[in-house]
Amino acid sequence: MDYGFWTHALTWIIGGVAALGAVGTVLAFWSLGRQAYRND
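Residue numbers here run from 1 along each chain, matching the order of that chain's written sequence. Where local features are concerned, this predicted model is filtered to residues with pLDDT of at least 70; where side-chain atom pairs are given and counted, the filter is 80 or more; whole-chain, interface and lining totals use all residues. Hydrogens and water molecules were not included; the side-chain quantities draw on all heavy atoms of the structure.

1. Looking at the overall build of the protein
Note the threshold: Each helix is a run of H or I in the DSSP string that is no shorter than four residues. Each strand is a run of E no shorter than two, and both are numbered from the N terminus. Think of it in three bands: with a 1.4 Å probe and only protein chains considered, a residue is buried below 20% of the maximum accessible area for its type, exposed above 50%, and partly exposed in between. Throughout, the Shrake-Rupley method with a 1.4 Å probe supplies accessible areas, and for residues the shown protein chains are the sole cover considered.
Within the protein, the secondary structure is distributed over one helix and zero strands. On the principal axes, the C-alpha backbone points of the protein span a range of 60 × 10 × 5 Å. When the 40 residues of the protein are sorted by exposure, 0% land in the buried category. Counting every atom, the protein has about 3,900 Å² of accessible surface; 72% of that belongs to carbon and sulfur.

2. A short note on the environment of G33
With respect to the secondary-structure elements, G33 resides in helix α1 (residues 3-37). Under the relative-accessibility criterion, G33 is labelled partly exposed at 28%. Each C-alpha atom, one on G33 and one on G15, is 27 Å from the other, the two residues being 18 residues apart in sequence.

3. Overview of the environment of T7
Going by this rule: Any pair of N or O atoms that falls within 3.5 Å is considered a polar contact. Within protein, one atom must be able to donate a hydrogen and the other to accept it, and sequence-neighbouring residues count only if both atoms are side-chain atoms.
Among the structural elements, T7 can be located in helix α1. Expressed as a C-alpha distance, the spacing of T7 and A19, which sit 12 residues apart in the sequence, is 18 Å. Side-chain polar atoms of T7 contact the backbone oxygen of Y3, separated by 3.0 Å.

Dropping the structure here:
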């Protein structure tokens, strides 16, 4: 294992966490938007 491998792996891990966070944020806003239109 050399330096290049760990840099590459760390970049992919950070990118994955950022992508999951972005998806979670979109889903949270979508859920809040749906609750605002509900007239229970």
